[in-house]
Amino acid sequence: MELLARILILLLALFIIKLVVISLLFYREIKEAQKKDPAAKSFLEILLLYQGLQAIISYRFAHFLYKMHLYFLARYLSQLARFFTGIEIHPGATIGKGLFIDHGMGVVVGETAVIGDNVLLYQGVTLGGTGLEHGKRHPTIGNNVVIGAGAKVLGNITVGDNSYIGANAVVIKDVPPDSTVVGVPGRITRQDGKKIEVSLDHVHVLDPIMQSIEELEKRINKLEEK
Ligand SMILES: CC(C)(COP(=O)(O)OP(=O)(O)OC[C@H]1O[C@@H](n2cnc3c(N)ncnc32)[C@H](O)[C@@H]1OP(=O)(O)O)[C@@H](O)C(=O)NCCC(=O)NCCS
């Protein structure tokens with residue numbers, strides 16, 4: 001009985017040490033999460049419950065193994081993290097400090113993706129390739145970029161510092177710094193704080209079927225008028 005109590009105390013001590021080490025090593029990531037998630041109530045909540053943080057911790061280990069050319073182990077760790085968090089970060093990706101992945105489920109970060117400092121990714125974001133090409137085929141994301149839920153940023157393109165990618169946008173061209181991009185395909189709607197007046201026919205852009213139906217409706221109306 002006494003032995004069991006000692007083992008439990010030892011495990012508890014190890015767990016507390018682990019939490020302290022993670023808090024110190026990932027302090028910036030936790031603070032960024034606290035700053036960017038209005039729903040986050042405490043440091044401890046993020047430390048223990050946020051999958052985004054767990055995925056980044058696993059990525060750091062996997063990336064280290066990848067750098068040591070232990071590709072199988074690195075990939076094994078990243079797939080394990082994907083199983084538990086729903087977030088798939090390839091160990092070859094390069095990620096800066098202060099990344100926050102909010103909610104997380106369905107996030108995919110490709111092998112040659114580069115992410116700058118203080119970036120925020122929401123659930124369902126893909127930083128992917130456009131086809132079967134080799135070499136640098138994933139995007140480079142600047143500092144302080146926010147990528148909205150479900151957005152796809154594809155190919156070897158660059159998203160400039162301080163840019164916003166709207167939810168569900170599909171971005172396949174470079175984005176200059178300080179820009180906001182929305183829609184499919186992604187269009188710049190704001191640059192350096194100024195609104196860009198482009199035709200943002202989101203309904204039609206996002207739904208070509210509706211466009212066809214509306215065209216047909218117009219033609220039927222014309223025929224009926226005759
Ligand atoms: C793009 C975004 C950053 C807003 O940027 P903004 O510059 O403040 O944009 P505005 O609200 O001024 O909208 C500009 C235009 O883009 C449209 N728009 C905004 N977000 C859009 C989106 N995700 N997809 C398509 N169109 C969008 C607006 O309707 C508006 O169109 P209009 O000029 O024809 O009226 C924001 O809408 C967004 O998508 N944020 C992501 C948030 C997210 O993913 N949250 C998940 C929480 S779980």
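Residues numbered from 1 in each chain as written. Predicted model: local features only at pLDDT ≥ 70, side-chain atom pairs only at ≥ 80, totals over all residues.

S.K.: Give a description of the nonpolar core that names residues and reports values.
M.R.: Across soluble globular proteins, you tend to see nonpolar side chains buried next to one another. If you look at the biggest cluster of nonpolar residues, it comprises 44 residues, and the most contacted ones within it are Leu121, Ile147, Val153, Ile165 and Val171. For this core, the secondary-structure elements that each account for two or more residues are α2 (27–36), α4 (51–67), α5 (71–85), β3 (100–101), β6 (120–121), β10 (152–154), β12 (164–165) and β14 (179–182). Top element by residues in this core is α4. It accounts for six residues. Not counting residues up to four positions away in its chain, the partners in contact with Val153 are Leu127, Pro139, Ile147, Val159, Ile165 and Val171. (Core = buried A, V, L, I, M, F, W, Y, C linked by C-beta atoms within 7 Å. Buried ≥ 20, exposed ≤ 12 C-beta atoms within 10 Å, placed from the backbone. Helix = DSSP H or I, 4+ residues; strand = E, 2+ residues; numbered from the N terminus. Contact = placed C-beta atoms within 7 Å.)

S.K.: Report on the site of the ligand, specifying residues and quantitative values.
M.R.: Taken together, 15 residues lie around the ligand, and Gly148, Ala149, Gly166, Ala167 and Val182 are the ones closest in. Class assignment for the residues of the shell around the ligand results in six nonpolar, eight polar and one charged. (Near = placed C-beta within 6 Å. Nonpolar A, V, L, I, M, F, W, Y, C, P; charged D, E, K, R; others polar.)

S.K.: How would you summarise the environment of Lys195 if you had to cite specific residues and measurements?
M.R.: Looking at where Lys195 falls in the secondary structure, it is placed in strand β16 (residues 194–195). For the pair Lys195 and Thr180, spaced 15 residues apart in sequence, the C-alpha separation works out to 9.1 Å.

S.K.: Can you lay out the confidence of the model for the protein chain for me, pointing to particular residues and giving the numbers?
M.R.: Where the model shows low pLDDT, its predicted coordinates should not be examined in detail. Looking at the protein chain, pLDDT values average 92 and 95% of them are 70 or higher. Segment residues 200–205 is flagged for pLDDT under 50; beyond a separation of four residues in sequence, or across chains, it makes nine contacts in the model. (pLDDT = per-residue confidence, 0-100.)

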